[in-house]
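Residue-level listing of the chains:
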Amino acid sequence: MRILYLSPRQCWPAVSGAKLRDYHLARSLGENTELTYLYFMGNSPIAFENLPFCQRLVAVNKPKPYTPGKIFRGLFNRLPLTLINYSSPEMTSVLTELTRATAFDLVHVDSVHMVTYLPVLPEALRRRVVFSWHNIESELLLRYAATTSSRPRKLYASLTARRVKSVECEILRSCFGHLVCSERERQVLLGWVPDARIAVVENGVDTKAFDGMAKATRNRVLFVGSMAYHANSDAILWFTGRIWPAIHERFPHWTLTLVGSDPPPQVRALSERPGVEVTGTVPDVKPYYTEAVLAIVPLLPGGGTRLKILEALAASVPVISTTLGVEGLTVTPGQEVLIADSEADWLPACSSLADQGELWQKLVTAGRRLVETRYDWDVLGKSMVATYRQWLSDDAHS
């Protein structure tokens, strides 16, 4: 197979959930097909030694969002501004040349944000587009609208969600296939368009990367996630304000460590609170896991499945999460994770793991076994490649 991978982001260095999924799906495709990776780059392009599985890497400057022209188009175009922001004449030109010069069998499009480039593809290739859904974006927007206290944001998110859903339904009806992160998301989308071709390729973790980690004194309560994502920063602001003071009073030797890129000012300011550490981007998260007594995922709004949970389980660190935080993951509360949905749940859950005793070890053992057998990227990648081969074979014989 010759596959063109079209991404709205630079997947290396893989320092966020979206980039990790992007990188590992590209790696699985590149190891089994002839892969061209076309992407919007950050400060500098990816070096070939970082993505050696790609036959070709093509970088395009990331377009500037929220320009006056894009805002104007967002008012009157069928596409909302959140999608128009990714439109780029340079990407259009490069994509045109690539598809003219190479006979691709399939185009893997990473997220609905790249929908503006469908008309650029040759007609025959347009019928071989697979969208990879990190989330159901309209669902994220509706959840945000339901929880934000700002009336203007609530209105904007609700209206944008309606327009994004219209686009999502359109690509479900017209495109060759779709990958989603969970069976729940598959069922939601089939409820919109019952005859859409949808496969589940769950989020995963590189379990081998966490093998042989040195043991250390465990006195951290760890949160890992990109702080630029509003659901993460909102969760941490809530947890630090409402939950952490009681935990810190009970366990004063513990440190709440917040690891993640691009913390906004209100998150950076949390480092002034007792027992709270804000690291920003770190070169390697593994040393923090070796010192973590537990990891937290106190998410309220949001969607998708949490790579941070799988990473913690692979690192043999027990996880306490809200129900929404583990949404889409095949985990059993009390077996691989603990669930804390109310404010009153968090201190008892943390206390039950403080001695690193029988419950702590049970969660660690079951969690690591789960990610090794179900959520390892190698397992998931083989499933995706087999799915693509089957779809193309079915299409050739139809």
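Look a little higher up for the structure.
Treat the numbers as computed from the prediction; the structure is a model and nothing was measured.

Asker: Which residues make up the sheet that holds strand β10 (residues 276-280), and what values do they have?
Answerer: Overall, parallel pairing links the six strands, which are arranged β10-β9-β8-β11-β12-β13 in an open sheet. In the strand order of this sheet, the two ends are held by β10 and β13 (338-339), each with one partner. Strands in contact with helix α12 (residues 307-314) are β8 (220-224), β11 (292-297) and β12 (319-321); relative to β12, the strand with the most contacts, it is inclined by about 155 degrees.

Asker: Which residues make up the packing of aromatic side chains, and what values do they have?
Answerer: Remark: the centre distance and the inter-plane angle together describe each pair of aromatic rings, the angle taken between the planes. Scanning the entire structure with this criterion turns up 10 aromatic pairs. Taking 6.3 Å as the distance between ring centres and 85 degrees as the angle between the ring planes, the aromatic pair formed by Phe-176 and Trp-391 counts as edge-to-face. Taken together, the residues Phe-176 in the loop between α7 (151-174) and β6 (177-180) and Trp-391 in helix α15 (residues 377-396) connect sequence positions 215 residues apart. Ring geometry for Phe-210 versus Tyr-289: centroids 6.0 Å apart, planes at 80 degrees, classification edge-to-face. Taken as a pair, Phe-210 in the loop between β7 (198-200) and β8 and Tyr-289 in helix α11 (residues 286-290) lie far apart in primary sequence, 79 residues in all. Under the relative-accessibility criterion, Phe-210 is labelled buried at 9%.

Asker: Could you give an account of the pairing of strand β4 (residues 106-110), with specific residues and numbers?
Answerer: The element β4 is largely enclosed, with a buried count of five among its five residues. The two faces of β4 match: Leu-106, His-108 and Asp-110 on one face and Val-107 and Val-109 on the other face are all buried. Where β4 meets strand β5 (residues 129-132), four bridges bridge the pair, whose relative direction is parallel. Each residue of the ladder has a partner; that of Val-109, found in β5, is Phe-131.

Asker: Can you explain helix α1 (residues 17-30)? Please cite residues and give values.
Answerer: For α1, spanning 14 residues, the distance from its first C-alpha to its last is 20 Å, which sits close to the expected 20 Å at 1.5 Å a residue. Where burial is concerned, most of α1 is hidden: 10 out of the 14 residues are buried. Burial in α1 covers these residues: Arg-21, Asp-22, Tyr-23, His-24, Leu-25, Ala-26, Arg-27, Ser-28, Leu-29 and Gly-30.

Asker: Lay out the nonpolar core with the relevant residues and their values.
Answerer: By size, the foremost hydrophobic cluster in this structure holds 36 residues, and its most contacted members are Leu-38 and Phe-131. The contacts of Phe-131, once residues within four sequence positions are left out, are Val-109, Ser-111, Val-112, Val-115, Leu-118, Ile-171, Cys-175, Gly-177, His-178 and Leu-179. Cys-11, Leu-25, Cys-54 and Trp-377 belong to the second largest nonpolar core, which has 30 residues in total.

Criteria and thresholds
- Within each chain, residues carry numbers counting from 1 in the order of the written sequence.
- Selection of residues for local features in this predicted model requires a pLDDT of at least 70, selection of side-chain atom pairs for listing and counting requires 80 or more, and totals for whole chains, interfaces and linings are taken over all residues.
- Based on all heavy atoms of the structure, the side-chain values leave hydrogens and waters out of the count.
- Paired strands, in this sense, are two strands between which DSSP finds at least two bridges.
- Runs of E in the DSSP output that reach at least two residues are strands. Runs of H or I that reach at least four are helices, and both are numbered from the N terminus.
- Contact definition: two residues touch when any of their heavy atoms are within 4.5 Å.
- The axes used here are C-alpha line fits, helices contributing only the stretch in contact, and every angle between their N-to-C directions lies in the interval 0 to 180 degrees.
- Pairing of aromatic side chains here covers Phe, Tyr and the six-membered ring of Trp, requires ring centres within 6.5 Å, and sorts the geometry by plane angle: under 30 degrees stacked, over 60 edge-to-face, intermediate tilted.
- For the exposure calls, accessible area comes from a 1.4 Å probe over protein chains only, and a residue counts as buried if that area is under 20% of its type's maximum, exposed if over 50%, partly exposed in between.
- Expected span, for any helix, means 1.5 Å times one less than how many residues it has.
- The nonpolar core is taken to be a set of buried Ala, Val, Leu, Ile, Met, Phe, Trp, Tyr and Cys residues, with the residues joined through side-chain atoms within 4.5 Å.

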